[in-house]
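In case you want the letters, here they are:
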Amino acid sequence: MATLTVDPATIPAGKVSFVASNIGALVHEMVVLPLPSDGPGTRPTGADDKINESQSLGEASRSCGPGAGDGIAPGSIGWTTMALRPGRYELVCDEPWHYAAGMFDVLTVQ
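Residues numbered from 1 in each chain as written. Predicted model: local features only at pLDDT ≥ 70, side-chain atom pairs only at ≥ 80, totals over all residues. Heavy atoms only, no water.

1. Some words on unusual backbone geometry
A negative phi holds for most residues other than glycine; trans holds for most peptide bonds. Between D7 and P8 the backbone carries a cis peptide bond, its omega angle lying at 0°. Tracing the sequence through the fold places P8 in the segment before β1 (10–11). With phi around 65°, D49 is a residue other than glycine that occupies positive phi space. Summarising the element assignment, D49 is placed in the loop between β3 (30–34) and β4 (58–60). (Helix = DSSP H or I, 4+ residues; strand = E, 2+ residues; numbered from the N terminus.)

2. Digging into the nonpolar core
Core analysis: the biggest nonpolar cluster contains 18 residues, and F18, M30, V32, L84, L91 and L107 have the highest contact counts within it. Within the residue set of this core, elements represented by two or more residues are β2 (14–21), β3, β5 (77–84), β6 (87–92) and β7 (104–109). Ignoring sequence-local partners within four residues, the contact set of L107 consists of V6, P8, A9, T10, I11, F18, L84, G87, R88, Y89 and L91. Core analysis: the next-biggest nonpolar cluster, separate from the first, contains 5 residues, V31, L33, I51 and Y99 among them. (Core = buried A, V, L, I, M, F, W, Y, C linked by side-chain atoms within 4.5 Å. Buried < 20%, exposed > 50% of the residue type's maximum accessible area, 1.4 Å probe, protein only. Contact = heavy atoms within 4.5 Å.)

3. Some words on the pairing of β6
When β3 meets β6, the two strands line up antiparallel, connected through 4 bridges. Residue pairing in the sheet places V31 in a bridge with V92 of β6. Inspection of the sheet shows β6 paired to β7 by 6 bridges, in the antiparallel sense. Opposite R88, over in β7, you have T108 as the bridge partner. (Pairing = 2+ DSSP bridges.)

4. Topic: the sheet that holds β6
Taken in spatial order, the 5 strands line up as β1-β7-β6-β3-β4 in an open sheet, and their pairing is mixed. Strand pairing shows two members of the sheet lacking a second neighbour, β1 and β4, which therefore form its edges. The sheet contact formed by β1 and β7 spans 2 bridges and is parallel. Counted as the bridge partner of T10 is T108 from β7.

5. Comments concerning the environment of S21
Along the chain, S21 falls in strand β2. Classification of S21 as exposed rests on a relative accessible area of 53%.

Shown next as structure tokens:
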């Protein structure tokens with residue numbers, strides 16, 4: 001099983017900066033999505049073994065730019081800043097097979 005851990009798991013609403021550290025041996029990413037009504041880990045994967053990112057609110061990558069990123073290399077970090085409203089969000093790694101392997105966690109914004 002792969003892991004993605006959110007710390008802290010509850011934050012105040014407003015402008016949020018995420019720093020994602022890749023301590024693994026593979027390229028990873030961190031995509032912020034609204035939590036699905038079925039709960040975490042329930043998104044279907046497609047033929048490419050990735051989820052649909054059309055609801056993405058942003059992602060941390062090594063380019064640290066807006067839009068789709070280019071992953072975070074092993075041993076490095078990526079970051080992104082966005083405004084989040086109160087609610088629950090699923091933070092995921094959407095490299096092929098990673099979401100299905102358990103790379104997701106939940107963030108609560110109050």
